[in-house]
Amino acid sequence: MGPEQQDLLSGSDWYHTIELPDGRVTPGFFDHRSVVGRYQLPDDLSGVRALDVGCADGFFSFELERRGAEVVAIDAPDRNSLDFPAPLRRESGRETLRALVDNFEVVRTALGSKVDRRLMTVYEIKPEDLGLFDLVFVGSILIHLRDPAAALMKLAAVCRGQIQVVEEVDRRLDRSRRPLARLQALSPHLTWWIPNQAGWSDLLVAAGFDQVERLGRFVVPYGRGRRGGILHAGFRARPVVPPG
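1. Some details on the overall build of the protein chain
Move 1: Along the backbone of the protein chain there are seven helices and nine strands.
Move 2: Of all 244 residues assigned to the protein chain, the portion counted as buried reaches 50%.
Move 3: Sequence-distant contacts, at least 24 apart, represent 64% of the contacts inside the protein chain between residues at least 6 apart.
Move 4: Accessible surface for the protein chain amounts to roughly 11,800 Å². Of this, 50% is attributable to carbon and sulfur atoms.

Here is the structure:
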C-alpha cells in the first residue's frame, strides 16, 4: 500500500472494520469480525452468484467473495439518493453516511478483489440490469429505508435462490409474538423502522418470500472502543416464485 492509500486509510470516515493484506485494519465504526459467524453465511460459496445490498466499505462483499462467490455489490450513488427524512434533507452541509473518499475502492485495490460494484439504490434494481442471484445478502440496510417492503419486493425479483437478511430488532417489541415496528424517522440515526422479529418475518412474506427461517439474535459491536452494541436478528427465506 502506497503513501497515498495510507493517508486515505488513516484520514477517512470508515463504516466497516476490515483487515487488509499488509496487516492494517480500517478504523470502522462497526466491527463485524467477532460476530461474522452469527450471520450463518455458507462456508463454501463456489459457483454462487451473490448480491450485497448497501455495501458501504464492503466488509460483506469481500467476505462473500472470500468464500468463493461471484459478487455484485450495490450502494447509493450520492447523498440525494439516500432515504433521509425531510428534516434531515433540509439541513445544509450535513455529512453523509459515506466518506468523501471512496473507501470501497481502497479496500478492493488492496485485496485485489473482483467484486462488481454498481451505484444505484435498492429501488432501482431490475433483473434486466443485474441478472439473477443465488444469494441476496441484506445487512443493516432496511432500517434506513422509507419503504422496506418495496425494497424487498425488488430483491424478490432478482432472487432465484435465497435471501439472507440481518437487521436491527427492537428489544422491547421483540417480547411480543405479534408483528410490531417502531417508527424512528426523526431520530439522528437516519433510521425509519425498527421492527421485532415477527415484523421482519411478515415483511419478507408480504414481499414475496416464504420458508422464512429465523437465525437468532446477537449484538453487533460498534464505537471506536467497542463499548456499544446493537441487537440484530437474522432471517433466511426463499422467493415464492423464483424469477427466470
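2. Brief notes about the packing of aromatic side chains
Move 1: Counted under the stated rule, the structure contains 10 aromatic pairs.
Move 2: Measuring from ring centre to ring centre gives 5.2 Å for Tyr39 and Phe218, while their planes differ by 65 degrees; the resulting arrangement is edge-to-face. A residue pair is termed long-range when its members are at least 10 positions apart, and Tyr39 in the loop between helix H1 (3-11) and strand E1 (49-53) and Phe218 in strand E8 (residues 209-222) qualify at 179 residues.
Move 3: Here the aromatic rings of Phe59 and Phe60 are separated by 4.9 Å at their centres, their planes lie at 80 degrees, and the arrangement is edge-to-face.
Move 4: For Phe60, a relative accessible area of 5% puts it in the buried group.
Move 5: Feature note: the residues Tyr39, Phe59, Phe60, Phe137 and Phe218 constitute an aromatic cluster, connected by ring pairs.

3. A short note on the pairing of strand E9 (residues 228-239)
Move 1: Judged from the six bridges that link them, strand E5 (residues 159-168) and E9 form a sheet pairing that is antiparallel. Across the sheet, the residue bridging to Glu167 is Ala233, located in E9.
Move 2: Two elements, E8 and E9, share 11 bridges in a ladder whose sense is antiparallel. Of the residues in E9, the one forming a bridge with Pro221 is Gly229.

4. Focus: the sheet that holds E8
Move 1: The strand order across the open sheet formed by seven strands is E3-E2-E1-E4-E5-E9-E8, and the pairing between neighbours is mixed. Where the open sheet ends on each side, the last strands, each with one partner, are strand E3 (116-119) and E8. Taking the axes of each pair of neighbouring strands and ignoring which way they run, one obtains an average angle of 20 degrees across the sheet.
Move 2: Sheet strands touched by helix H6 (residues 148-156): E1, strand E4 (133-139), E5, E8 and E9. Its angle to E5, the strand with the most contacts, is close to 150 degrees.

5. Notes on the side chain of Arg117
Move 1: Relative to the assigned elements, Arg117 resides in strand E3.
Move 2: Assessed through its relative accessible area of 15%, Arg117 is described here as buried.
Move 3: Here the side chain of Arg117 touches Glu105 through a polar contact of 3.3 Å, side chain to side chain.

6. A closer look at the side chain of Asp57
Move 1: The residue Asp57 is located in the loop between E1 and helix H2 (59-66) in this model.
Move 2: Of the polar contacts made by the side chain of Asp57, one reaches the backbone nitrogen of His16; its length is 2.9 Å.
Move 3: Among the polar contacts made by the side chain of Asp57, one reaches the side chain of Asn103 at a distance of 3.2 Å.

7. A short note on the pairing of E5
Move 1: With nine of its 10 residues buried, E5 lies for the most part within the structure.
Move 2: Note: E4 against E5, six bridges, orientation parallel. For Gly139, the partnering residue across the bridge sits in E5 and is Val166.
Move 3: Assessed by its sense of winding, the connection that carries the chain from E4 through H6 to E5 is right-handed.

8. Focus on the nonpolar core
Move 1: Grouped together as the largest cluster of nonpolar side chains are 33 residues, with contacts concentrated most on Leu51, Ile125, Val136, Val138, Leu155 and Ile163.
Move 2: Secondary-structure elements contributing two or more residues to this core are E1, strand E2 (70-75), E4, H6, E5, helix H7 (197-206) and E9.
Move 3: Excluding residues within four positions of it along the chain, Leu51 makes contact with Val72, Ile74, Ile125, Leu130, Phe133, Leu135, Val136, Phe137, Leu155 and Val158.
Move 4: Ala50, Phe59, Leu64 and Phe218 belong to the second largest nonpolar core, which has 28 residues in total.

9. Comments concerning the confidence of the model for the protein chain
Move 1: Here the protein chain shows a mean pLDDT of 90. Residues at 70 or above account for 89%.
Move 2: Here residues 92-98 is a poorly scored stretch, pLDDT under 50, and it has 13 contacts once near neighbours within four places are set aside; other chains count.

10. Comments concerning the environment of Leu142
Move 1: The residue Leu142 is located in the loop between E4 and H6 in this model.
Move 2: With 26 residues separating them in the primary sequence, Leu142 and Glu168 have C-alpha atoms 8.9 Å apart.
Move 3: Residues contacting Leu142, with those up to four places away along its chain left out, are Pro148, Ala151, Leu152, Val165, Glu167 and Trp200.

Procedures and definitions
Residues numbered from 1 in each chain as written. Predicted model: local features only at pLDDT ≥ 70, side-chain atom pairs only at ≥ 80, totals over all residues. Heavy atoms only, no water. Helix = DSSP H or I, 4+ residues; strand = E, 2+ residues; numbered from the N terminus. Buried < 20%, exposed > 50% of the residue type's maximum accessible area, 1.4 Å probe, protein only. Contact = heavy atoms within 4.5 Å. Areas by Shrake-Rupley, 256 points an atom, 1.4 Å probe, with all protein chains shown as cover. Phe/Tyr/Trp six-rings, centres within 6.5 Å; stacked < 30°, edge-to-face > 60°. Pairing = 2+ DSSP bridges. Axes fitted to C-alpha atoms, helices over the stretch in contact; angles between N-to-C directions. Polar contact = N/O pair within 3.5 Å; in protein donor to acceptor, adjacent residues only side chain to side chain. Right-handed = clockwise from strand over helix to strand, strands pointing away. Core = buried A, V, L, I, M, F, W, Y, C linked by side-chain atoms within 4.5 Å. pLDDT = per-residue confidence, 0-100.

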